[in-house]
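Letter by letter, the chains look like this.
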Amino acid sequence: RLDAGKTVHPLDAAILRLPHISNFTDFMPLEQHPLLGVRYVESTRGLGAPDCIILPGTKNTLGDLKWMRESGMESAVKKHAAAGKPVIGICGGYQMLCRKLSDPHQVEEGGEMTGIGLLDAETVFETRKQRTRVTGTVQRLEGIFAPLNGVSVEGYEIHMGRTVSSSLEPAISLAREEGDVHGDGLTDGNVFGSYVHGIFDSDELLSGLTRILMRMKGLEEEAAVFDLAAHKQREYDRLADLIRSSLDMQQIYNILDKGIQG
């Protein structure tokens, strides 16, 4: 894929630009990866034939699910999944992938909705909002995502839903900062969902995902290795150099040391 900067990327990831999309920072690591061309898509015409579709977080899961249904995007995602290509849902996007969503307390719009149905699970919206940092290990991914088992992840949860399945095992063992351990996420073949925001910040997981996508295209997997932490440090160093060259740092140090003299 060719991005706006005329850089050729062997992989094409399409992130759905939902009407109430949230947590854009989840996808910064993907945007920085040299092998990934990342597009934000808001119509079936613009979707094309990406290597991976990602359903992001949203401030209104039920409303955005209606939009997907009315715009034809739901059908396009199902067609993509039926072709064996990866579909990943994060938080609200994960909830949409379930077969049923229930809102008994009218947290969003109330009532029940049939989900996209790519994961055999049900999401129930609750009045208590989960806000916590989490760390964990991928443990029960199956299908094309199986190579990610054993990878460490960390991030945060911020949602008001609980997703349960009677047929699928949780894909990630997570520990919240309060200390309790719980299961998160589900996978079924080429479909994976998780509540963890920031999950792509894991170097292991991002490199593993790009290797999976490269393999599916018949490309060299080794080229998928990317040190995100080192990339971030280089960017921080560039920012620091720019600040030093643009400001009178000695004067700033003097102010920090002695305060502003009136």
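Fair warning: this is a prediction, and the values are worked out from it, not measured in the lab. (Residues numbered from 1 in each chain as written. Predicted model: local features only at pLDDT ≥ 70, side-chain atom pairs only at ≥ 80, totals over all residues. Heavy atoms only, no water.)

### Here we look at the side chain of H197
Looking at where H197 falls in the secondary structure, it is placed in the loop between β14 (191-194) and α6 (203-216). Separated by 2.7 Å, the side chains of H197 and D26 make a polar contact. Residues in contact with H197, not counting those within four places in the same chain, are N23, D26, I90, C91, E154, G155, Y156 and I158. (Helix = DSSP H or I, 4+ residues; strand = E, 2+ residues; numbered from the N terminus. Polar contact = N/O pair within 3.5 Å; in protein donor to acceptor, adjacent residues only side chain to side chain. Contact = heavy atoms within 4.5 Å.)

### Details of the pattern of salt bridges
Opposite charge on two side chains allows them to pair when their charged atoms are near. All told, the structure shown has eleven salt bridges when counted by the stated rule. Put simply, K66 and E109 hold a salt bridge, and the shortest N to O gap is 2.8 Å. Residue K66 is located in helix α3 (residues 61-71), and its partner E109 is located in the loop between β7 (98-103) and β8 (111-114); the two are separated by 43 residues in the primary sequence. For K66, a relative accessible area of 37% gives the class partly exposed. With a closest N to O distance of 3.6 Å, K100 and E112 form a salt bridge. Here E112 lies in strand β8 and K100 lies in strand β7, a separation of twelve residues in the sequence. Salt bridges sharing partners connect three or more residues here, namely K100, E112 and E122. (Salt bridge = Lys/Arg side-chain N within 4 Å of Asp/Glu carboxyl O. Buried < 20%, exposed > 50% of the residue type's maximum accessible area, 1.4 Å probe, protein only.)

### Brief notes about the nonpolar core
Counting 64 residues, the largest nonpolar core has L16, L55, M68, V77, I88, I199 and F200 as the members making the most contacts within it. Per-element tally for this core: the top contributor is α6, with six residues. Every residue in contact with L16, bar those within four places of it in the chain, is listed here: I21, V41, L47, I53, I54, L55, P56, M68, M73 and V77. (Core = buried A, V, L, I, M, F, W, Y, C linked by side-chain atoms within 4.5 Å.)

### Thoughts on the sheet that holds strand β1 (residues 11-16)
Strand order in the open sheet made by the six strands is β3-β1-β4-β6-β14-β13, with mixed pairing throughout. Each edge of the open sheet is held by one strand with a lone partner, namely β3 (36-41) and β13 (186-188). Averaged over all pairs of adjacent strands, the angle between strand axes in this sheet comes to 15°, irrespective of strand direction. Sheet strands in contact with helix α4 (residues 73-82) are β1, β3, β4 (52-55), β6 (87-90) and β14, and its direction is about 135° off that of β4. (Pairing = 2+ DSSP bridges. Axes fitted to C-alpha atoms, helices over the stretch in contact; angles between N-to-C directions.)

### Side note on α4
Buried within α4 we find M73, E74, A76, V77, H80 and A81. Projected down its long axis, α4 carries its buried residues within an arc of 160°, all on one side. Those residues of α4 that are exposed and angled more than 90 degrees off the buried face are S75, K79 and A82. Backbone geometry just downstream of α4 places G84 in the positive-phi region, at approximately 85°. (Arc of directions from axis to C-beta.)

### Quick look at the environment of K59
Summarising the element assignment, K59 is placed in the loop between β5 (57-58) and α3. Here the alpha-carbon distance between K59 and S22, two residues 37 residues apart in the chain, equals 6.3 Å.

### Considerations on a nonpolar patch on the surface
A cluster of nonpolar residues, L239, L242, I243, L247, I252, Y253 and L256, forms a patch on the protein surface that exposes about 680 Å² of accessible area. Breaking the nonpolar patch down by element, the ones donating at least two residues are α7 (228-246) and α8 (249-258). Within the secondary structure layout, L242 lies in helix α7. Residue L242 is classed as exposed on the basis of its relative accessible area, which comes to 51%. (Patch = residues over 30% accessible without salt bridge, like charges linked within 9 Å, V, L, I, M, F, W, Y side chains within 5 Å. Areas by Shrake-Rupley, 256 points an atom, 1.4 Å probe, with all protein chains shown as cover.)

### Let's talk about the side chain of D51
Along the chain, the position of D51 falls in the loop between α2 (44-47) and β4. Note on D51: relative accessible area 13%, which makes it buried. Only 2.7 Å separates the side chain of D51 from the backbone nitrogen of D12, close enough to count as a polar contact. Reaching out from D51, the side chain makes a polar contact with the side chain of K217 at a distance of 3.5 Å. Contact partners of D51, with chain neighbours within four places excluded, come to P10, L11, D12, H80, K85, P86, L213 and K217.

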